[in-house]
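Now for the letters of each chain:
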Amino acid sequence: MALRGGLIGCGFFAQNHLHAWGDVDGADIVAVCDRDDSRLKEAGDRFGISERFNDAEAMLAQTDLDFVDIATTMETHRALAELCARLGVPVICQKPFAPTIDEARAIVSTFAEARLPLMVHENFRWQTPMLAVRAALDSGRIGDPFFARISWRTGFDVFANQPYLAEVERLIILDLGIHLLDVSRFLLGEVESLVAQVSRTRQGIRGEDSATMLLKHVGGATSVVDCSYAARRDPDYFPETLIEIDGPTGSIRLDPAFKLTVHWPGGTETTEVGPRLLDWASPPWHMVQESVFNTQQHWADCLRNSEAPSPSGADNLRTMALVEAAYDSARTGDVVRLAD
Ligand SMILES: NC(=O)c1ccc[n+]([C@@H]2O[C@H](COP(=O)([O-])OP(=O)(O)OC[C@H]3O[C@@H](n4cnc5c(N)ncnc54)[C@H](O)[C@@H]3O)[C@@H](O)[C@H]2O)c1
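Here's what I pulled together on the structure shown here.

The subject of this paragraph is the packing of aromatic side chains. By the definition in use, this model includes ten aromatic pairs. Between the aromatic rings of Phe12 and Trp285, the centroid separation amounts to 5.9 Å while the plane-to-plane angle is 75°, which identifies the pairing as edge-to-face. Here Trp285 lies in the loop between strand 14 (267-272) and helix 9 (286-305) and Phe12 lies in the loop between strand 1 (3-8) and helix 1 (14-23), a separation of 273 residues in the sequence. Residue class for Phe12 comes out partly exposed when judged on its relative accessible area of 28%. A centroid spacing of 5.1 Å and a plane angle of 40° characterise the contact between Trp21 and Phe67, whose relative ring orientation is tilted. With a gap of 46 residues between them, Trp21 in helix 1 and Phe67 in strand 4 (residues 67-70) connect regions that are remote in the sequence. Like Trp21, the residue Phe67 is buried in the burial classification.

Here's what the structure looks like:
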């Protein structure tokens, strides 16, 4: 029997969730919820889902669900997740997990007390190119990395699809840098200290639209994590993350168009590590869209096999701590040490 899921929030990014759930083995979305009638109707009609609700409490009361997928923006995550926990329903929740780490901690405690599975939909670590970089590191050819640069820079108008981003005080680190900080942990491990610098270039927005962060990882490796929504470039590689990693015996490069080069004493190998083009996906979004499928398939597999998801809510607190540290550092100019 397939797991029965309910999706809350039928907005811009949830369209990818709904398409991907259609491809996931072992789980179906049987109910959708949005407080906006037109978005609810559009999603229900498009994906053939007849159980439709304006209110999450009503959806949970009237539908028998094995999990809930929360795809609303962050301000609503805590209340919705806690509602699910009260009713004993596991949750996968979009990033940012919450507006602040204190709220994210509260969600994690609630789920720990209820002994319920909780995953954050952190899809960058599930991108096919990122998994290929992780596999190249695991092959041991370059040794233990001592340096990485993780870079995401674009002039793509993110505000067109997500107008609410123009209003937030904490913009690119919390919205996009959070993915890259998670990738830095995924590739180089936990972080000891961090220093950050931010700037705002675009007119008419409240938050920072560029950030550069310098991280010292446990064990001594350094990473530079940089992102910008204000980089005018041609070609523009949106939405690709470019990566350079150096180790004692070689290097790994993830270059534009998903070109992965591993150089080590045995030679130099270049491969294309692009995503599959799913039949509902379209460039330039296809890599992101495939990672949404990968993330959701992983969640369904973990739920069915009673395994811990990656990242769990508790794991994502460590990424949230880096976000908070970056904002603290940008404000004070100081290096921020992370708690153990
Ligand atoms: N992982 C990624 O690559 C990625 C990319 C884009 C957006 N996101 C994340 O996805 C989340 C959603 O972003 P979006 O751009 O789709 O937002 P959106 O505003 O387009 O959609 C959110 C929807 O949730 C509904 N909603 C809000 N509160 C609700 C509630 N309490 N009950 C029912 N419905 C409610 C709104 O009516 C809206 O339709 C954000 O957290 C964003 O950061 C992730």
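Structure's up, so let's keep going.
Before going further, it helps to examine the sheet that holds strand 14. Pairing between sheet strands relies on hydrogen bonds along the backbone, with the strands arranged either parallel or antiparallel. An order of 14-13-12-11-7-10-9-8-15 is seen for the nine strands of this open sheet, with the pairing classed as mixed. Looking at the sheet topology across the chains shown, the edges are occupied by strand 14 and strand 15 (336-337). Where strand 13 (residues 259-264) lies against strand 14, six bridges are found, and the strand directions are antiparallel. Within strand 14, the position partnered with His263 by the bridge is Thr268. Against the sheet, helix 6 (residues 128-138) engages strand 11 (242-247), strand 12 (250-255) and strand 13, with an angle of about 175° to strand 12. Here helix 10 (residues 313-332) sits on the sheet and contacts strand 8 (191-199), strand 9 (210-217) and strand 15; the angle it forms with strand 8, its principal contact strand, is near 55°.

Turning our eyes to something else, we now look at the pattern of salt bridges. The final tally for this structure, using the stated rule, is 22 salt bridges. Residues Asp182 and Arg185 are paired through a salt bridge, measuring 3.6 Å at the closest nitrogen-oxygen approach. With Asp182 and Arg185 both in helix 8 (residues 172-188), this residue pair falls three residues apart, about one helical turn. With relative accessibility at 8%, the residue Arg185 sits in the buried group.

The environment of the ligand is made up of 22 residues, and the closest members are Phe13, Asp34, Lys95, Asn123 and Tyr164. Between Arg35 and the ligand, the recorded distance is 3.3 Å, taken from a backbone N or O atom to a nitrogen atom. Tyr164 places a polar side-chain atom, nitrogen or oxygen, 2.7 Å from an oxygen atom of the ligand. Burial of the ligand by the protein amounts to 89% of the accessible area it has alone, namely 870 Å². Looking at the shell around the ligand residue by residue, the class counts come to seven nonpolar, nine polar and six charged. In this structure, the shell around the ligand is formed jointly by two domains, domain 1 (3-116) and domain 2 (125-282 + 318-337), each of which donates at least three residues.

Contact geometry for helix 6 and helix 8: axes closest at 10 Å, N-to-C directions at 25°. With respect to helix 8, the axis of helix 6 lies roughly parallel. Residue-level inspection shows Met130, Leu131, Val133, Arg134 and Leu137 of helix 6 in contact with helix 8, the latter providing Val183, Phe186 and Leu187. Here the contact of helix 6 with helix 8 is composed, by residue class, of seven nonpolar, no polar and one charged.

Calculation notes
- Residues numbered from 1 in each chain as written.
- Predicted model: local features only at pLDDT ≥ 70, side-chain atom pairs only at ≥ 80, totals over all residues.
- Heavy atoms only, no water.
- Phe/Tyr/Trp six-rings, centres within 6.5 Å; stacked < 30°, edge-to-face > 60°.
- Helix = DSSP H or I, 4+ residues; strand = E, 2+ residues; numbered from the N terminus.
- Buried < 20%, exposed > 50% of the residue type's maximum accessible area, 1.4 Å probe, protein only.
- Pairing = 2+ DSSP bridges.
- Contact = heavy atoms within 4.5 Å.
- Axes fitted to C-alpha atoms, helices over the stretch in contact; angles between N-to-C directions.
- Salt bridge = Lys/Arg side-chain N within 4 Å of Asp/Glu carboxyl O.
- Near = heavy atom within 4 Å.
- Polar contact = N/O pair within 3.5 Å; in protein donor to acceptor, adjacent residues only side chain to side chain.
- Areas by Shrake-Rupley, 256 points an atom, 1.4 Å probe, with all protein chains shown as cover.
- Nonpolar A, V, L, I, M, F, W, Y, C, P; charged D, E, K, R; others polar.
- Domains from an automatic or database assignment.
- Parallel < 35°, antiparallel > 145°, perpendicular 65-115°, else oblique.

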